[in-house]
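Each chain is listed here by its residues.
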Amino acid sequence: MEQRITPAWKDAAVLGLAAGLISSVVYYFKIYMFLRGSGDLPLTLLELVLLFGTLFWFSKRRAALYGDEGYSYGRNMSYILMAMVFAGIIYGVAQYFLVNYIFPEYLEATLATT
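Below: a short report on this structure. Positions within a chain are numbered from 1, following the residues in the order the chain's sequence is written. For this predicted model, a pLDDT threshold of at least 70 governs which residues receive local features, and a threshold of 80 or more governs which side-chain atom pairs are given and counted, while totals over whole chains, interfaces and linings are taken from all residues. For side-chain calculations, the full set of non-hydrogen atoms in the structure is used, while hydrogens and water are omitted.

**Things to note about the nonpolar core**
Among soluble globular proteins, nonpolar side chains are generally buried collectively. In plain terms, the rule: Buried residues of nine kinds, namely Ala, Val, Leu, Ile, Met, Phe, Trp, Tyr and Cys, make up a nonpolar core once their side-chain atoms join them within 4.5 Å. Only protein chains enter the accessibility calculation, which uses a 1.4 Å probe; a residue whose area is less than 20% of its type maximum is buried, one above 50% is exposed, and one in between is partly exposed. Per the convention used, a helix needs a DSSP run of H or I reaching at least four residues, while a strand needs a run of E reaching at least two, with both numbered from the N terminus.
Listed in full, the 9 residues of the largest apolar core are Ala12, Leu15, Leu55, Phe58, Tyr66, Tyr71, Tyr79, Ile80 and Ala83. For this core, the secondary structure elements donating two or more residues are α1 (8-35), α2 (41-66) and α3 (73-102). Formed by 6 residues, the second largest nonpolar core is a distinct cluster that contains Tyr27, Leu98, Val99 and Tyr106.

Written out as structure tokens, the structure reads:
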């Protein structure tokens, strides 16, 4: 049975949702650790591993749908670009709420350290 190729924007939205949620959750903990005086290097490394792993897994899954037709570099880059636009929107909204409503003291603490 032949697999049907789903629209790129639909898969990109799912990847963007996953990447945006990963970044938002990690950002929450980074702010929390910053306000408590801790370093955030382990969280940054964890975020990089999770994001690259998620990108790799989704891209590999998307490329497998094309089979013999092939999946070009340009097609993959446009897919990742669409996904990152979705992720950026989710991350931006989360960052707005985190900085303005959940951790309003974060901006003052950041300005005090610079």
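Back to the text.
**A word on α2**
Where we set the bar: For a helix, the expected span equals 1.5 Å multiplied by the residue count minus one. Here, residues are in contact when the closest pair of their heavy atoms is within 4.5 Å.
Under the 1.5 Å per step criterion, the end-to-end length of α2 is 38 Å for 26 residues, consistent within 8% with the ideal 38 Å. Considered for burial, the residues of α2 that qualify are Leu43, Glu47, Leu51, Thr54, Leu55, Phe58, Ser59, Arg62 and Tyr66. Tucked inside the fold, the buried residues of α2 contact α1 and α3. Two residues or fewer past α2, Gly67 is found with a positive phi of approximately 50°.

**Thoughts on a nonpolar patch on the surface**
Where we set the bar: Each patch is built from salt-bridge-free residues with over 30% relative accessible area, joining like charges within 9 Å and nonpolar side chains (Val, Leu, Ile, Met, Phe, Trp, Tyr) within 5 Å. Under the convention used here, a 1.4 Å probe and the Shrake-Rupley method define accessible areas, while residue burial counts only the protein chains that appear. Between Lys or Arg on one side and Asp or Glu on the other, a salt bridge is scored when a side-chain nitrogen of the former is within 4 Å of a carboxyl oxygen of the latter.
A cluster of nonpolar side chains, namely Val25, Tyr28, Phe29, Tyr32, Leu81, Val85, Ile89, Val93, Tyr96, Phe97, Tyr101 and Ile102, defines an oily patch on the protein surface of about 1200 Å² accessible area. Sorting the residues of the nonpolar patch by element identifies α1 and α3 as the ones contributing at least two each. The greatest single-element share of the nonpolar patch, amounting to 8 residues, is contributed by α3. In this structure, Tyr28 sits in helix α1. Given a relative accessible area of 31%, Tyr28 falls into the partly exposed group.

**Some thoughts on the packing of aromatic side chains**
For clarity, the cut-off: Ring pairs shown here join Phe, Tyr and Trp side chains whose ring centres sit within 6.5 Å, with only the six-membered ring taken for Trp; geometry is labelled stacked below 30 degrees between planes, edge-to-face above 60, and tilted in between.
Within this structure, the stated rule accounts for 10 aromatic pairs. An angle of 80° between the planes, with centres 5.5 Å apart, marks the rings of Phe34 and Tyr106 as edge-to-face. Separated by 72 residues along the polypeptide, Phe34 in helix α1 and Tyr106 in helix α4 (residues 105-113) bring together distant segments of the chain. What makes Tyr106 buried here is its relative accessible area of 16%. Measuring from centroid to centroid gives 5.6 Å for Phe97 and Tyr101, while their planes differ by 35°, and the two rings are tilted. Pair noted here: Phe97 and Tyr101 are both in helix α3, with a separation of 4 residues, about one helical turn. Site record: aromatic cluster; members linked through ring pairs are Tyr27, Phe34, Tyr91 and Tyr106.

**Some words on the packing of α1 against α2**
Just so we agree on the cut-off: Fitted lines through C-alpha atoms give the axes, limited to the stretch in contact for helices. The angle between two N-to-C directions lies from 0 to 180 degrees. By the definition adopted for this analysis, an angle is roughly parallel if under 35 degrees, roughly antiparallel if over 145, roughly perpendicular if from 65 to 115, and oblique otherwise. The residue classification treats Ala, Val, Leu, Ile, Met, Phe, Trp, Tyr, Cys and Pro as nonpolar and Asp, Glu, Lys and Arg as charged. All others, Gly included, are polar.
Where α1 contacts α2, the axes come no closer than 10 Å and their chain directions differ by 175°. By the angle between their directions, the pair α1 and α2 is classed as roughly antiparallel. Where α1 abuts α2, its residues Ala8, Asp11, Val14, Leu15, Ala18, Ala19, Ile22, Ser23, Val26, Phe29, Lys30 and Met33 lie against Leu43, Thr44, Glu47, Leu50, Leu51, Thr54, Leu55, Phe58, Arg61, Arg62 and Leu65. Grouping the constituent residues of the contact of α1 with α2 by class yields 15 nonpolar, 3 polar and 5 charged.

**Regarding the packing of α1 against α4**
Rules: Put simply, a crossing is left-handed when the front helix is turned counterclockwise from the back one by less than a right angle, and right-handed when it is turned clockwise.
Contact geometry of α1 with α4 gives a least axis separation of 10 Å together with a crossing angle of 55°. In this view, α1 runs oblique relative to α4, as classed from their interaxial angle. The two elements α1 and α4 cross, and the hand of that crossing is left-handed. Contacts between α1 and α4 involve Tyr27, Ile31, Phe34 and Leu35 from the first element and Glu105, Tyr106, Ala109, Thr110 and Thr113 from the second. Looking at the contact of α1 with α4 residue by residue, the class counts come to 6 nonpolar, 2 polar and 1 charged.

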